Every structure is written in C-alpha cells, then in structure tokens.
Amino acid sequence: MKHITILAAALLVAVMPAEARKAKKFTHQTVEIPAVEPQSIVIETAGSQLVLAVTTDRNLVLRHYGAPVKDAGQFTHMDTGRGNGAQAYPAAGGTFLGQAALHVKYADGNHNTELRYLSHSVKASGGVKTTEIVLKDYVTDLQVKLVYDAYRKENVICSHSEIVNGGKKAVELLEVASSSLTLEADKYLLTHFHGGWAYEMQTARELLDFGTKVIESRRGTQTTQTENPSFLVSLNTGEFSETSGEVVAGALAWSGNFRLSFEKDETGLVNVLGGISPFASAYPLKAGETFVTPEMIWTWSADGAGGASRNLHRWARQYGIYGGGTVNPTLLNSWEGAYFTFTTPTLTGMIDDAAAMGLEMFVLDDGWFGTKYPRNSDKSSLGDWDLCTDKIPEGIDYLASYAHGKGLKLGIWIEPEMVSRVSELAEKHPEWVVQSPGRALYEARWQWVLDLANPEVQDFVFGIFDKTMQLAPGIDYIKWDCNRPVYSFGSPYLGTEQDRFFVEYVQGLYSVMRRIREKYPDVLVQCCSSGGSRLDYGAMRWCNEFWTSDNTDAISRSRIQYATSMIYPACAMASHVSAVPNHQSGNVTPLKMRFDMAAAGRLGMELQPKNLTAEERALAYRCIKSYKGFRDLVFTGDLYRISSPLDSDYYAFMYVSEDKSRAVMFEFCLRYQNRATGGHLLRLAGLDPSRKYLVTEQNVDTSCWWGNGQSFTGDFLMSGGFNPVLNGSNASAIFVLAAR
Ligand code: DGJ
C-alpha cells in the first residue's frame, strides 16, 4: 500500500540556541494516510451535473458543474493541469493557500486542517437524491460531512457541511462555509443585489477580476439591507443575458450574518464560497460536538439568467417556501392607510371597503397593543403584547368575527424579537436586551433587540406568537416584522462565549419558528423586516411570503421586483397598491399601473379606501376581480422576463403555465420618449410555438393592442408580432393568453 506523508514544519529548530540545536535531533512524526482507488462521485439532476473526484491521495476535488455528461466516470482521471485541481471543500492548512471553506484553530494553537476522503453514501427519496461524503483530517480526527441534495426535476443542488469534532479537545471554527464551488471560464459576470430601506434588491453587475469579491451582511438580524445572500454568475461573457449562456446561481438559506465570496486565483479559476459570516463568530466546538451549516442552494442553466431563475423558482415553490405555490389571499393592510391612528370604527370601515372591493383578508398592522404604554407611535410598547383597549375596546375577537362576517380572513402584525425602551418588558427584563457591558445601548427606531440566544427569550417570543393567535378564533395570518439590526452586540446569557451570539441568535429564531409551525401549521406567516430586509431562503422555510419593500411606488417596485424575481418566486412576493403621492418616493403614478405592478405578486392594498373616488374603487374592483382569474399563473407559472427595467424603457415579463396552455403577460412603460415609435415590439417567450392563443387585455375598455381579442400562434407572438402601444410614461397593460 502506497503511503502519503503529511509534511509539518519544524521551524522551532531554527530559533533554538546552537548548543540545543546540536543536542536535539530533528524529529518529526507524520501521520500516514492510506491511498485509495480513484473514483468519481456524480451528483446530478435532469439538466445538470456536479462531478467530484476522489484522487489516490484521498483529495476530494471538483471536476465539473454543468451540462450532464453520459459517462461522467471519464472525469475521474482528468488531468486539469493544476495538480489535484479544485478542492471540493478547501480547508485552511497544508498546501492550500486560497480562501478556505473551513478554517479551524485547534486546542494546541495549530491552524492546519487537511481533509481527506473517507467514505460516501447515496440515498433517494421522491425526487431528491442525497449524497453524503465524509472527509477527515487524519491528524486531528476532525470530520466533515458534505451533504448534497440533488432535486432532479428542479435542477437544483442544495449543499451544506457538518463539522464533527472527533478529537479529544475543543476547537474553534474560525471560518465555516456551507459550500464551495469552483468555476472555470474565460469571463465571469457577477450579478448581485444590494440596497437599503425602501430600495431593497437593487441590481449590481460586475466582472470578477483577480482578487476576492465579498458580499456580506453583519447586521445580525437583517439579510437584505446592504446585500441579499444570493447571486448569479454568467460564464464566458461580459454581457448579461436572460436567454442564453451558462449561468450558475446561488442563494444561502440563512437569516443572519452571511458571506459570499468569489476569489479569482492566479490561474483564472473562481472559487465561490457561501456561508455564515465569520465576523465575530469563532464558533467553539467541543469534543464530540457537530456544527451544521445552513444550506447553500445552487443551480446551473445553459439558458441564461431566465433558466436559472426558473430552476430556483420551481425548487422554491416545492421545497424552499413554506406552503410555496399555493394561492394566498388578496388583502388590505392597515399600515399606510391608518398608521398608528385608529379605533375600531376605522378598522371596521376598512374591512367594509376591503370586502366591497373584493379583497379576501384584512391585516391589522402596527399600533394595536400596549396598555401601560399604548403604542401610539414607534417610540414605545414593543414587548407589551396586550391589546390596547383604548383603541379596540371590543377586542380582537370582535374584529375577527366582523371580518369573517364580511367573508374576509383576519391577519395581525407583531414584532416579537424587539423591545421598546419605553415598555413594561424593558422594565421587567433588562437582561433580555442584546447589550455589551459598559457600552451605549444604541436604539434604532426607539427599540432594542431581544437576546434570542437565550432560551428564556425564545420561550417568550414563541409565547407572543401563541398569545396573539389566541386573541381570537380564526386568526389566519401573522405579519412578523423585525425593524432593526444589532448594534454593539452582546448576549448577557452567553457570558464569555460571545462568539456564539450571531449564530445562536438565528438558531434561536429558527427554533421558535419550528415550534410555531408544529403548533400552527396552517397560519399564513409573512416575513417582514423594515420592508424586505429579511429576504432569504432560511426565513422562507417557515414563512409563506415576504414583504418585498416598504417602497410601494410602482416605478421603484419595477426595479425591486425585477431583481427579486432573479432568485425568489412571485408566489411569495407581497406587493401592495398604495396611495399617491407615494409615501416613500413621492412619485405619482396611475392607479392602473399600481394595480398592474402589484398583480405581479401576491396582490394587496395598503391605503385608506375612504380616500378613493368612486371611479377608483370601481377600477380597484375590476383589477382585483381580473387578478383572481389569472393569479394561479402568478403563483405557479414559469417566469419569462422579456424586457428589463434596468436596460430598457419598458419592463415586461410573463408567467406561463407548466403545460403552456395559459399565460399572463405584463408590460410597463417606464420612460416614454418618442410619440413616433407607435407600438413597442416585444418578443414573448415560453409559449408553445404551434398552439394558438386567444389574447385578452385586462382591466381596460379599449385595448392598447390591435390584436386584442384575437388568437395568434405562439411562434407569431414570440417572433415579433406582438406590439402593444403603451402611450406615455407609466402606462401599463396585462394580457391573458389562453390556448384554444
Ligand atoms: C415596517 C414594515 O415594513 C411596515 O410594513 C410596517 O409593518 C411597519 N414596520 C410597522 O411598524
């Protein structure tokens, strides 16, 4: 049996006094690693393939992520010209000098880890095939299990790692990525999503060059302000394409600090790592303990960004979003229509109006709670989740039965992770507040974050949800808000182990969510965080939908919703019609455009209906009614983006049913420059070229397209026959297509 030796430096000798050097003979024991027969481990979906190879010296290397190859075994002995090639899960230590997926500090101060293949197993269940590969460091007995779940039909591979401290002493995980993927191409165009409050999910595109590009959040509670934990890389091109070329997309299922990094090395390879951010998180792992990282969701497509998005959406509807793909009710939310100022008649009036316009649920937002300190502004009361009887003396049960009596469901807002400085909770449990001894307790929106690393706080937060659900029989929907990041982090509960804080905060949150779902599997939960600041597949595992942004301006929403659609499906994208001038942007847009934009996701309204004219109410009724006729396509259809609001004056996209028998097409004119251009030519997509589709514009008496009400073949519509005239900025149109 051939033996491989691990080299370890004995530099100490060099700094010893000459006498001692003479006396002490250089000794170095190396742990022997038995050689192994090379083999390939193939992880594949219907349309993609990830090939890992085990080399003779037990390195696990990535050979291929791309189109399926029939005999993938041919990759086993591939000479990459780069030695072993790209490590599947590179660890800091040995000869590896790039960015590491795993960096461990051992009890003796050593930083070297060299992972070698031990074994692997495969099991299948339904459409998912799970491959588990065990690697180990032969010196320290640290083990790493790499888990790959291949979703065959959806062309998605989810991957995470589990670190097992098989040694006798505690270690520190200085860096621990969920997954690593090395790409090889001539060019790499990275698309990622930055932003802040009211401008979440802004698109940034840049070519990756030598060095390391890092996308990160250190906000503790919020994943989407600054950056979203997701991206696309278009390969071998500097141009973004919806329809063609290889694209690898990734998203991390984690609702706390994260880091995605892209290191282009000296040979031109790009190594992508995704995982929890190592910031202040040198996680201590005791002997025998296991650390499980969150999932990284990968997809590969040869059909450009559109193909990658459709893969992710299909996966998300089936596996990634709680209750994904089922139609959620239209609603009226009280926030922008009433803010903190309401009493029961305000709310029952809104319920009446919502019912009259054909909406299906009323959601009571912020402001309903607080007895000693009534919640009349954002300056108080978070933590005191008792009904404010000054505002609703009749009780939530009255409101619920009033709504139910009108045929509406009822939803209610909470922000359970937070406590206001002015609150009974802050007086009673100051030790539950995230804080650092001796340092300022910085407020944000007059509130502090509760220490979810503390199990007592977890019980309290679960209790808030539970108690809110008990306010009335038939609460159908909870809007879960989270309006600030963590400053001067510190957990009184964790004492000197503050390195655990950021990780255990999120684990605490998930443990609360798990308990909630055990007890309330059917309640609809919206994930909200100052708008869309907690948009990630970690939170979506527990939530039915996300609040996309507090910015409800249809023009701003075109960019936000466009970018959101790159990674997240429309079934979970809450989108509301609000008043003009828009409360965030000041823009004034037509009500029709606001409805058409909101109809691209889960449609809602967020205004005081009393302020609408009779004509506007009639339009609202009409738009809501037509939405109900095509919304199954929004919730379950395949998205084809036709024209981007970033690169064009027109924003257009469609949702097409899986069997291609129906589709709904949206178009918005964002900037109108030239009256002489007439109809704007669009090439539809995703249709069956040979079938004939009846095309019907929605919500208008006079259509903007000459062909409205007639039938055309899919190839005609996809090859340049569709040219509606959207005359003027902020004009919009929705067309329903039905195969005959
Ligand atoms: C922030 C959310 O994004 C809003 O929709 C609203 O719920 C407010 N919080 C309430 O305070």
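Basis of the calculations
Residues numbered from 1 in each chain as written. Predicted model: local features only at pLDDT ≥ 70, side-chain atom pairs only at ≥ 80, totals over all residues. Heavy atoms only, no water. Helix = DSSP H or I, 4+ residues; strand = E, 2+ residues; numbered from the N terminus. Rg over C-alpha atoms; globule rule 2.2 N^0.38 Å. Buried < 20%, exposed > 50% of the residue type's maximum accessible area, 1.4 Å probe, protein only. Contact = heavy atoms within 4.5 Å. Areas by Shrake-Rupley, 256 points an atom, 1.4 Å probe, with all protein chains shown as cover. Lys, Arg positive; Asp, Glu negative; His and termini not counted. Charge placed at Lys NZ, Arg CZ, Asp CG, Glu CD. Core = buried A, V, L, I, M, F, W, Y, C linked by side-chain atoms within 4.5 Å. Pairing = 2+ DSSP bridges. Near = heavy atom within 4 Å. Polar contact = N/O pair within 3.5 Å; in protein donor to acceptor, adjacent residues only side chain to side chain. Nonpolar A, V, L, I, M, F, W, Y, C, P; charged D, E, K, R; others polar. Salt bridge = Lys/Arg side-chain N within 4 Å of Asp/Glu carboxyl O. Axes fitted to C-alpha atoms, helices over the stretch in contact; angles between N-to-C directions. Parallel < 35°, antiparallel > 145°, perpendicular 65-115°, else oblique. Left-handed = near helix turned anticlockwise from the far one by under 90°. pLDDT = per-residue confidence, 0-100. Phe/Tyr/Trp six-rings, centres within 6.5 Å; stacked < 30°, edge-to-face > 60°. Lys NZ or Arg CZ within 6 Å of the ring centre and 35° of its normal.

**Structural notes on the overall build of the chain**
Along the backbone of the chain there are 13 helices and 38 strands. A compact globule built from 740 residues should have a C-alpha radius of gyration of about 27 Å, and the chain, at 28 Å, falls within 12% of that. In the chain, which comprises 740 residues, the share counted as buried stands at 60%. Restricting to contacts in the chain with at least 6 residues of sequence separation, those with at least 24 account for 69%. Surface exposure of the chain reaches about 27800 Å², of which carbon and sulfur atoms provide 50%. Charge centroids of the chain, computed over 70 positive and 81 negative side chains, lie 2 Å from each other.

**Regarding the nonpolar core**
Ranked by size, the top nonpolar core spans 190 residues in total, and within it Leu102, Trp368, Tyr537, Met605 and Phe666 carry the most contacts. If one sorts the elements of this core by residue count, helix α9 (residues 501–519) sits on top with 10 residues. In this view, Phe666 contacts Asp596, Ala599, Ala600, Phe630, Val634, Tyr651, Ala652, Phe653, Tyr655, Ala733 and Ile734; residues no more than four positions away in its chain are not counted. Counting residues in hydrophobic clusters, the runner-up holds 26 residues, among them Tyr650, Tyr693, Trp705 and Phe722.

**Quick notes on the pairing of strand β19 (residues 270–276)**
Burial of β19 is extensive: seven of the seven residues sit out of reach of the surface. By the bridge criterion, six bridges tie strand β12 (residues 171–183) to β19 in an arrangement that is antiparallel. Counted as the bridge partner of Thr182 is Asn271 from β19. As defined by bridge partners, strand β18 (residues 258–264) adjoins β19 across seven bridges and the pair is classed as antiparallel. Of the residues in β19, the one forming a bridge with Lys264 is Val270. Here β18 folds back onto β19 in antiparallel fashion, the turn holding five residues, of which Gly268 has a positive phi close to 95°.

**Here we look at the site of the ligand**
Taken together, 13 residues lie near the ligand, and Asp365, Asp366, Lys479, Asp481 and Asp550 sit nearest. In this structure, an oxygen atom belonging to the ligand sits 2.7 Å away from a side-chain N or O atom of Asp365. Between the ligand and Trp547 there is a distance of 3.4 Å, counted from an oxygen atom to a side-chain nitrogen or oxygen. When isolated, the ligand has an accessible area of 290 Å², and the protein chains bury 98% of it. Looking at side-chain class alone, the shell around the ligand contains four nonpolar, three polar and six charged residues.

**Topic: the side chain of Asn699**
Positionally, Asn699 belongs in the loop between β36 (692–697) and β37 (711–713). Polar side-chain contacts of Asn699 include one of 2.7 Å to the side chain of Ser626. Those residues in contact with Asn699 that lie beyond four places of it in its chain are Lys592, Asp596, Leu619, Arg622, Cys623 and Ser626.

**Details of the pattern of salt bridges**
Counted by the stated rule, this structure contains 35 salt bridges. Residue Lys406 is joined to Asp352 by a salt bridge in which the shortest nitrogen-to-oxygen separation is 3.3 Å. Here Lys406, found in the loop between α6 (396–405) and β25 (409–414), pairs with Asp352, found in helix α5 (residues 344–357); they are 54 residues apart in sequence, far enough to count as distant. A single network of salt bridges, built from pairs that share partners, joins Lys123, Glu132, Lys145 and Glu162.

**Points about the packing of helix α11 (residues 591–598) against helix α12 (residues 614–636)**
As a packed pair, α11 and α12 sit with axes 10 Å apart at the nearest point and diverge in direction by 25°. One finds that α11 runs roughly parallel with respect to α12. The interaxial crossing formed by α11 with α12 has right-handed handedness. Contacts between α11 and α12 involve Leu591, Lys592 and Phe595 on the former and, on the latter, Glu616, Leu619, Ala620, Cys623 and Ile624. Grouping the constituent residues of the contact of α11 with α12 by class yields six nonpolar, no polar and two charged.

**Section: the sheet that holds strand β32 (residues 602–606)**
Here we have eight strands rolled up into a closed barrel, ordered β23-β24-β25-β28-β29-β30-β31-β32, and parallel in their pairing. If you compare each strand with its neighbour and ignore which way they point, the axes differ by 30° on average. On top of the sheet, helix α8 (residues 455–469) reaches β25, β28 (477–480) and β29 (524–527); it is set at about 145° to β28, its chief contact.

**What to know about the sheet that holds strand β6 (residues 86–87)**
Reading across from one edge, β3-β4-β5-β6 is the order of the four strands in this open sheet, with antiparallel pairing throughout. Taken across any chain shown, the strands that pair with only one partner, and hence form the sheet edges, are β3 (39–44) and β6. Note: strand β4 (residues 49–54) against strand β5 (residues 60–66), six bridges, orientation antiparallel. Paired with Gln49 across the strands is Gly66, a residue of β5.

**Brief notes about the packing of helix α10 (residues 554–567) against α11**
For any two helices packed against each other, one specifies the inter-axial angle together with the distance between the axes. Where α10 contacts α11, the two axes come as close as 10 Å, and the packing angle between them is 20°. Taken as axis vectors, α10 and α11 run roughly parallel relative to one another. When you trace α10 past α11, the crossing you get is left-handed. Within the contact between the two elements, α10 uses Ala554, Ile555, Arg557, Ser558 and Gln561 and α11 uses Met593, Arg594 and Met597. Of the residues in the contact of α10 with α11, the class split is four nonpolar, two polar and two charged.

**A few points about the confidence of the model for the chain**
The pLDDT averaged across the chain works out to 95; a share of 96% of its residues lies at or above 70. Low pLDDT (under 50) marks residues 1–15, which in the prediction has 25 contacts with non-local residues, meaning those over four places away or in another chain.

**Considerations on the side chain of Gln447**
The residue Gln447 is located in strand β27 (residues 447–449) in this model. Taking the relative accessible area as the measure of exposure, Gln447 reaches 0% and is therefore buried. Polar contacts involving the side chain of Gln447 include one to the side chain of Glu415, which spans 2.7 Å. With residues near it in sequence (within four places) discarded, Gln447 still touches Leu382, Glu415, Met418, Val419, Ser420, Tyr442, Asn483 and Arg484.

**Comments concerning the environment of Gly109**
For Gly109, the position within the fold is in the loop between β7 (102–105) and β8 (115–125). Gly109 sits in the partly exposed class, given a relative accessible area of 36%. With 500 residues separating them in the primary sequence, Gly109 and Pro609 have C-alpha atoms 65 Å apart.

**Quick look at the pairing of strand β35 (residues 662–669)**
Judged by how many residues are buried, β35 sits mostly within the fold: seven of eight residues are covered. Alignment of strand β34 (residues 650–656) against β35, held across seven bridges, turns out to be antiparallel. Considered in β35, the bridge of Phe653 is made with Phe666. Hairpin remark: β34 followed by β35, antiparallel, with five residues in the connecting loop; positive phi at Lys660, about 60°. In terms of strand pairing, β35 meets strand β38 (residues 732–739) through seven bridges, oriented antiparallel. Residue Phe668 lies in a different strand from β38, and its bridge partner there is Ser732.

**Topic: the packing of aromatic side chains**
The geometry of two aromatic rings is summed up by the distance between their centres and the angle between their planes. Across all of its chains, the model carries 44 aromatic pairs by this definition. A centroid spacing of 5.8 Å and a plane angle of 40° characterise the contact between Phe465 and Tyr520, whose relative ring orientation is tilted. Placement of Phe465 in helix α8 and of Tyr520 in the loop between α9 and β29 is noted, with a sequence separation of 55 residues between them. Here Phe465 and Tyr520 have matching classes, each one buried. Through a chain of ring-to-ring contacts, three or more aromatic side chains come together here, namely Tyr562, Tyr627, Phe630, Tyr651, Phe653, Tyr655, Phe666 and Phe668. Over the ring of Phe240 we find Arg205; its NZ or CZ atom is 4.2 Å from the centre of that ring.

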